Amino acid sequence: MSASLRVRGLTHRYPTSSGNVLDGLDLDVAAGERVALLGPNGSGKTTLALHLNGLIPAQSGTVEVGGRPVAGEHLPEVRRRVGLVFQDPDDQLFMPRVREDVAFGPANLGVPAKERPAVVDRALAAVDAAHLAERHPHHLSGGEKRRVALATVLAMEPDVLVLDEPTSGLDPVGRRELAELLVALDTTLLVVTHDLPFALQTCPRSVVIDGGRVVIDAPTAELLADPDRLARHRLELPFGFVLGPG
Amino acid sequence: MGGGLRHRGALHLLVERDSPVHRARPEAKVVALVLFAVALAATPERALAAFALHGAVLALVAGAARLPAGTVRRRALVALPFLGVAALLPFAADGPRVALGPLAVSEDGLWAGGALAARAVLGATAAVVLTATTSVADLLAGLAHLRLPRVVVGIVASMLRYLDLVADQLHRTRLAMAARGHDPRWLWQARPLAAGAGTLFVRTYERGERVHQAMLARGFTRRLPDLRPPPAGAPAIGWAAALAPALVSLLVAVGAILR
Amino acid sequence: MLAMHAPDGFLEPGVAAVTALASLAVMALALRAAGRDLDDRQVPLAGVAAAFIFAAQMLNFPVASGTTGHLLGGALAAILLGPWVGSLVVGVVVLVQALVFADGGITALGCNVLNMAVVPAFGGWAVFQLARRLLPRSAGGVVGATAVAAGASVVLSAAAFSLEWLFGASAPVPFDTVFGAMVGVHALIGIGEGVLSAMVVSAVLAARPDLVAGARDLAPAQLVDRPRVSARAFALGGIVAAAATAAAVSQLAADDPDGLERVAIEQGFADQAEAHRLAGSPFAEYATRGIDDETLSLAVAGLAGVALTLAVGGGLVVAIRSRPRAVV
């Protein structure tokens, strides 16, 4: 299941700062698309992500998920449909047992206690973390934490998946496994990342956000082949990285 | 202050074994601990035999749990400061004197000190046995089963979950300071340390705000979901068996009172 | 020393039960207030705050020439989080210490929560509010008030413990001795607590002033002005205050109570001395040995009780009356 995203004129200013961190941002994502959100630090990527499930109410502008506005009485439904995976998995794993963390979302959605174990097992299996079900989150490695954090969101069967910097702290094998996992899902995918190779592997389309608005919207391969364009927004490929064919 | 025990948080306390004590329902174990504590408090101070029996009961339970004696002993050292206080009582207390070697100490103080020492050590050891045989998750589930308000259990769960992280961060801050040659010996030199603690408070609070957002993102409204695992058929060890040792101690205490 | 939590049976059952009821009542109220103030954020915020207080209590801070001390944290928690959430958070810490870390008896939870959470948080908050009125309305004023409040909170805690001992002693150690020792020692310990708490609040004010409940009435302009008060000055001031307290308290131990005794007789305490039978403790008579000392002991106990009631009760009243504005 997947849903579309529609952002129009989104503007946001934090109370402590002087400028708009989001400045009339427009974005359209079709159902099932996989889009990388790139951009320099402070460009508003995370702020945008937090708007998508209503954690930050829109000060001005609109956000729609599957045609429904992200506001008011639609919020609970939006929270089910948009799964947000945070930057720091420790913020997301707050129960004393992995199984309970993964069950938290479904429990809030009203899944009866009898059915939860199956839902939990399914979600953990999807991220290849079934063997971690009884562990305490603190005892997991960085990669395991990220997988389990993803499972906590997948357990809610979202239509849109938003990941904020999913690869920071992951080793190369972990990165590859995560990429393969994401590509196999059929949800709409938004990946906020600095990791350009990862963006290339997972998202055919890239959107560059700078100064609170979308400044580039292009196929990822095309964008990454243009170092000048990248450099204008403080983006560059890792040292020695060469774009292979196709 | 039992610093060694606490420094590494709560997660390493479980001693993984397969024993009837480990398998017992956590809520029964918590109730047993409370009853045992009541027994300790109620036992009259001169009832030496009663205290000895309490100790025997505890030793039996620890043995049944196959806990290494050294570990239990080491963790029970948290009661050490009170052994010091107990040792002072014969000297600080009033009342008829009795000879202790060359010294004249208060007789009541001796008995009081002995009782204090016994209660402190036995009480601490009982709590040690509980946490050595019960995982944090199970302990919390047990508290929830005992109808402790869900919010309180949630706060305790959240505290225990992030305790290790916070303690780690504080520790690393201190290491970083030491690595830069800061070795404070006087109170007014503690500013960097205090500043580190203040920053840690801010970071910790902000983490709390982010955890809240993560909870909201997973559909949380005001009411915490009931995440107690569904009862998995007949428990290996019923309530009666779990409470038996504590009830024995309670009876012993009552007997000592009535004597 | 107070950082040691009382084990089971340290106080007679009657007193243990009374303190348990009192603590339970305050904790229940604190839970409700936390629910009102923090709403659906109470679980994560109170939880991580409790983790912080626990970790902060483990911190070894230097006192003098290598010796270290530990933070009690009750007043600090109240000043950062407000008295209700602060007392709740420290209460949770004490509960977890007893249940999980074997530090403190289960049956002694009542008195431990009272002495380490309720009294320092509310008593500290009351002294803090008082000190704020006397100090400039600035960040510096908040920091100064914190120092005074945190130092006082430790003494209040010691006084509370001593009063509990008066009624429920489990050993024939006279109240005079306990009170003198506890309050005297803790007046000194209070210096460390005061200085350290002030420094911590100063650091939090610099980063996120909105996280200091005790400074919520200050406008941003007032927060900017922060004259750096020397920690050494604090410490020295604290030593003077502590010395004064210790000297006053040592009157008791020195059996030279002319002034206080005269006051006691004039106030009629002397008449009550004979008829006074303290409930529960078989050692009650030891608490007030001899007619002269008994008068004085009762006077001191009475004064301490009044001071404690004023501080903690005042703190509660202030906390109930001023509904804090929405936490950021």
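Residues numbered from 1 in each chain as written. Chains lettered and ligands numbered in written order. Predicted model: local features only at pLDDT ≥ 70, side-chain atom pairs only at ≥ 80, totals over all residues.

(A) Seen up close, the overall build of chain A. Within chain A, the secondary structure is distributed over 10 helices and 10 strands. The C-alpha atoms of chain A give 18 Å as radius of gyration, which agrees with the globular expectation for 246 residues (18 Å, within 12%). Dimensions of chain A along its principal axes, counting C-alpha atoms only, are 55 × 45 × 35 Å. Out of the 246 residues belonging to chain A, those deemed buried represent 49%. (Helix = DSSP H or I, 4+ residues; strand = E, 2+ residues; numbered from the N terminus. Rg over C-alpha atoms; globule rule 2.2 N^0.38 Å. Buried ≥ 20, exposed ≤ 12 C-beta atoms within 10 Å, placed from the backbone.)

(B) The overall build of chain B, seen in detail. Looking only at helices and strands, chain B features 11 helices and 2 strands. The linear arrangement of helices and strands in chain B, starting from the amino end, is α-α-α-α-α-α-β-β-α-α-α-α-α. Here the C-alpha coordinates of chain B stretch approximately 65 × 60 × 30 Å along the principal axes. By the burial criterion, 51% of the 259 residues in chain B qualify as buried. Looking at chain B alone, contacts between residues at least 24 apart form 78% of all its contacts between residues at least 6 apart. (Contact = placed C-beta atoms within 7 Å.)

(C) Inspection of the packing of helix α8 (residues 136–145) of chain B against helix α9 (residues 150–179) of chain B at higher detail. Residues and elements named next belong to chain B. Between α8 and α9, whose axes approach to 9 Å, the crossing angle comes to 165 degrees. Between α8 and α9, the interaxial angle falls into the category roughly antiparallel. Crossing geometry of α8 relative to α9 is assigned as right-handed. Facing α8, whose interface residues are Val136, Leu140, Leu143 and Ala144, α9 presents Arg150, Val153, Val156, Ala157 and Leu160. (Axes fitted to C-alpha atoms, helices over the stretch in contact; angles between N-to-C directions. Parallel < 35°, antiparallel > 145°, perpendicular 65-115°, else oblique. Left-handed = near helix turned anticlockwise from the far one by under 90°.)

(D) Layout of the environment of His138(A). Tracing the backbone shows His138(A) in the loop between α5 (116–126) and α6 (142–154). For the pair His138(A) and Thr11(A), spaced 127 residues apart in sequence, the C-alpha separation works out to 37 Å. With residues up to four places along the chain from it excluded, the contact list for His138(A) reads Leu11(B) and Asp164(B).

(E) Region of the structure containing helix α7 (residues 175–207) of chain C. Taking 1.5 Å per residue, 33 residues should reach 48 Å; α7(C) reaches 45 Å between its end C-alpha atoms and fits that length. Buried residues dominate α7(C), accounting for 27 of its 33 residues. (Expected span 1.5 Å × (residues − 1).)

(F) Spatial organisation of the pairing of strand β3 (residues 34–38) of chain A. Residues and elements named next belong to chain A. Counting buried positions along β3 gives 5 out of 5 residues, so the element sits mostly inside the fold. Alternating positions in β3 separate into two faces, Arg34, Ala36 and Leu38 on one and Val35 and Leu37 on the other, with burial throughout. As paired elements, β3 and strand β8 (residues 188–192) share 4 bridges and run parallel to each other. Each bridged residue has a counterpart across the sheet, and for Val35 the counterpart in β8 is Leu190. Taken together, the 4 bridges between β3 and strand β9 (residues 205–210) define a ladder with parallel strand orientation. Its bridge partner being in β9, Val35 is matched across the sheet by Arg205. (Pairing = 2+ DSSP bridges.)

(G) Examining the sheet that holds strand β10 (residues 213–219) of chain A more closely. All names here are of chain A. Spatial ordering of the open sheet is given by β6-β7-β8-β3-β9-β10, a layout of 6 strands whose pairing is mixed. Among the strands making up the open sheet, the edge pair consists of β6 (82–85) and β10. Neighbour-to-neighbour, the strand axes of the sheet open up by a mean angle of 20 degrees, direction not taken into account. Here β6 runs beside strand β7 (residues 160–164); their pairing, made up of 4 bridges, is parallel. Note that in β7 the partner of Val82 across the bridge is Val160. In the packing of α6 onto the sheet, the strands contacted are β6 and β7, and the crossing angle to β6 comes to about 165 degrees.

(H) Molecular detail of the nonpolar core. By size, the foremost hydrophobic cluster in this structure holds 278 residues, and its most contacted members are Ala46(C), Ala50(C), Leu80(C), Val89(C) and Val92(C). Looking at this core, the element that brings in the most residues is helix α6 (residues 139–168) of chain C, giving 20 residues. (Core = buried A, V, L, I, M, F, W, Y, C linked by C-beta atoms within 7 Å.)

(I) Local environment of helix α4 (residues 48–64) of chain B. Residues and elements named next belong to chain B. Given a rise of 1.5 Å per residue, 17 residues ought to cover 24 Å, and the 24 Å separating the end C-alpha atoms of α4 matches this to within 8%. Ala50, Phe51, Leu53, His54, Val57, Leu58, Val61 and Ala62 are the residues of α4 that are buried. Where the residues of α4 are buried, they touch α2 (20–23), α3 (26–42), α5 (69–76), α7 (107–133) and α11 (239–258). Backbone geometry just downstream of α4 places Arg66 in the positive-phi region, at approximately 55 degrees.

(J) Structural view of the interface of chain B and chain C. At the interface, 79 residues of chain B touch 66 residues of chain C. Where the side of chain B that touches chain C is concerned, the elements lending two or more residues are α1 (3–7), α3, α5, α6 (80–92), α7, α9 and α10 (191–217) of chain B. With 17 residues, α10(B) is the single largest residue contributor to the side of chain B that touches chain C. Classifying every residue of the side of chain B that touches chain C gives 53 nonpolar, 17 polar and 9 charged. (Nonpolar A, V, L, I, M, F, W, Y, C, P; charged D, E, K, R; others polar.)

(K) Structural view of the interface of chain B and chain A. Counting residues at the interface gives 23 residues for chain B and 28 residues for chain A. Contributions of two or more residues to the side of chain B that touches chain A are made by α8, α9 and α10 of chain B. For the side of chain B that touches chain A, the element with the highest residue contribution is α10(B), accounting for 7 residues. Residues of the side of chain B that touches chain A, tallied by class, amount to 15 nonpolar, 3 polar and 5 charged.

(L) Main features of the environment of Glu165(A). Residues and elements named next belong to chain A. Along the chain, Glu165 falls in the loop between β7 and α7 (172–184). Placed 79 residues apart in sequence, Glu165 and Phe86 show a C-alpha to C-alpha distance of 7.7 Å. Apart from residues lying up to four places away in sequence, Glu165 is in contact with Gln87, Val192, Thr193 and His194.

(M) Inspection of unusual backbone geometry at higher detail. Even without being glycine, Arg234(A) reaches a positive phi, approximately 60 degrees. Looking at the secondary structure, you find Arg234(A) in the segment after α10 (227–231). For Arg234(A), a count of 14 C-beta atoms within 10 Å puts it in the partly exposed group. One non-glycine residue, Arg147(B), lies in the positive phi region at around 70 degrees.

Read these as spatial facts, not as claims about activity.
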